[in-house]
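# Overview (structure and organization)
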Amino acid sequence: MPPLIDAAGLHGRLAAGERIVLLDVRWVLGRTDGRERYLEGHLPGAVFVDLPTELADHAQPALGRHPLPSTDRFQEAARRWGINEGDTVVAYDDSGSMAAARVWWMLRNAGVASVYLLDGGLSAWRAEGHLLETGEVSPGVGNLTLAEGRMPVISGHEAAHWHGDRVLLDARAGERYRGEVEPVDPRAGHIPGAFSAPTTDNISAAGTFLPAEELRARFAGLGVTDETPVAVYCGSGVTAAHQIVALELAGFKAALFPGSFSQWSNDAGNPVATGPEPFEGEPATAGTGRPQTGTATGAGGSVEP
């Protein structure tokens with residue numbers, strides 16, 4: 001099923017009386033005011049989802065800044081949001097779906113069949129002239145039972161070897177990929193072999209996803225084909241989910257590295273590359289077949305491809 005629903009379609013289904021659970025996932029790295037902004041105005045009936053506490057376990061160097069919670073913990077949260085078996089779920093935020101994509105991926109991974117992102121989020125809802133409501137929404141406890149493992153994932157060990165005839169995409173901002181800045185993780189740079197593919201390039205100025213054909217051309221330019229195994233990481237596994245949505249819209253399936261660079265960079269034995277290209281040293285063949293250059297330094301500063 002398609003991962004997106006637009007504001008007009010959502011409003012029509014709600015007006016027709018369809019039961020839809022709305023999840024407001026307002027979170028941005030470095031900010032803690034998501035709940036306050038939710039209380040000031042949200043889609044009618046929407047429940048606030050706190051990403052750091054409900055969509056992640058406590059940060060651990062060995063697992064990253066936002067480790068996926070256990071199935072039991074996630075199920076407890078999903079029931080607290082009022083989700084019942086068979087419900088349709090629509091998640092949104094006010095940051096181009098960058099945060100809401102996390103709960104979309106997690107629910108898909110847990111076996112929820114009918115889950116969407118509101119394309120354009122809060123801004124799209126407002127642009128259609130639809131009203132917001134204020135205050136807290138506290139639904140009755142749902143009865144949803146979650147599974148696990150329905151979406152592909154890779155480990156750090158697999159990420160280390162995800163190049164050659166496979167494509168590893170780094171969904172962070174280009175300056176973090178290149179190692180020019182690193183605001184939160186212990187080392188700057190990227191996993192050797194990864195291509196830079198910032199999630200911000202998936203969306204329009206209005207915060208909606210680009211048309212499928214534009215997304216397909218974007219990923220094709222990074223070496224992705226229908227036969228290419230693709231995996232995605234970001235800083236802590238949040239915006240990488242957005243990249244997986246974009247790839248799905250483009251007709252490609254992709255795996256998530258949940259621990260992402262926050263897990264990778266905390267292991268001193270892992271090499272970290274800097275610069276605009278996946279590797280330094282001898283050219284290597286990636287999905288595009290183009291030479292890959294840059295610098296890759298592991299523990300002790302040794303250069304590794």
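Just so it is clear, the structure is predicted and the values come from calculations on it, not from any experiment.

### Brief notes about the layout of surface pockets
- In this structure, the largest pocket encloses a volume near 470 Å³.
- Considering the residues around the largest pocket, the lining is formed by 21 residues, among which Leu29, Met98, Arg176, Thr199 and Thr239 are closest to the centre.
- The residue inventory of the lining of the largest pocket, partitioned by class, reads 11 nonpolar, seven polar and three charged.
- When its volume is computed, the second largest pocket comes out at roughly 160 Å³.
- Forming the boundary of the second largest pocket are 15 residues, of which Trp27, Arg31, Thr32, Gly34 and Asp50 lie nearest the centre.
- When contributions to the lining of the second largest pocket are tallied by element, the ones reaching two or more residues are helix H2 (34-40) and helix H3 (51-54).
- Considering each element in turn, the lining of the second largest pocket owes the most residues, four residues, to H2.
- Looking at side-chain class alone, the lining of the second largest pocket contains six nonpolar, two polar and seven charged residues.

### Brief notes about the confidence of the model for the protein
- Overall, the prediction assigns the protein a mean pLDDT of 91, with 91% of residues at 70 or greater.
- Ignoring residues within four places in sequence, the model shows residues 281-305, a span with pLDDT below 50, making 62 contacts including any to other chains.

### Focus: the packing of helix H9 (residues 212-220) against helix H10 (residues 239-249)
- Contact geometry for H9 and H10: axes closest at 8 Å, N-to-C directions at 110°. Here H10 runs roughly perpendicular to H9, going by the angle between their axes. Residues Ala212, Leu215, Arg218 and Phe219 of H9 pack against Gln243, Ala246, Leu247 and Leu249 of H10.
- When its residues are assigned to classes, the contact of H9 with H10 shows six nonpolar, one polar and one charged.

### Some thoughts on the pattern of salt bridges
- Going through the model one piece at a time under the given rule, you end up with 20 salt bridges.
- One salt bridge in this structure joins aspartate 33 and arginine 37, with 3.3 Å as the shortest N-O distance.
- For aspartate 33, a relative accessible area of 24% gives the class partly exposed.
- Salt bridges sharing common partners tie together Arg65, Asp170, Arg172, Arg176, Glu182 and Asp185.

Parameters at a glance
Residues numbered from 1 in each chain as written. Predicted model: local features only at pLDDT ≥ 70, side-chain atom pairs only at ≥ 80, totals over all residues. Heavy atoms only, no water. 1 Å grid on protein atoms, 1.4 Å probe; cavity = no way out; pocket = protein on both sides within 12 Å on 5 of 7 lines; lining within 4 Å. Points joined across faces, edges and corners; volume = space filled by probe spheres on them. Nonpolar A, V, L, I, M, F, W, Y, C, P; charged D, E, K, R; others polar. Helix = DSSP H or I, 4+ residues; strand = E, 2+ residues; numbered from the N terminus. pLDDT = per-residue confidence, 0-100. Contact = heavy atoms within 4.5 Å. Axes fitted to C-alpha atoms, helices over the stretch in contact; angles between N-to-C directions. Parallel < 35°, antiparallel > 145°, perpendicular 65-115°, else oblique. Salt bridge = Lys/Arg side-chain N within 4 Å of Asp/Glu carboxyl O. Buried < 20%, exposed > 50% of the residue type's maximum accessible area, 1.4 Å probe, protein only.

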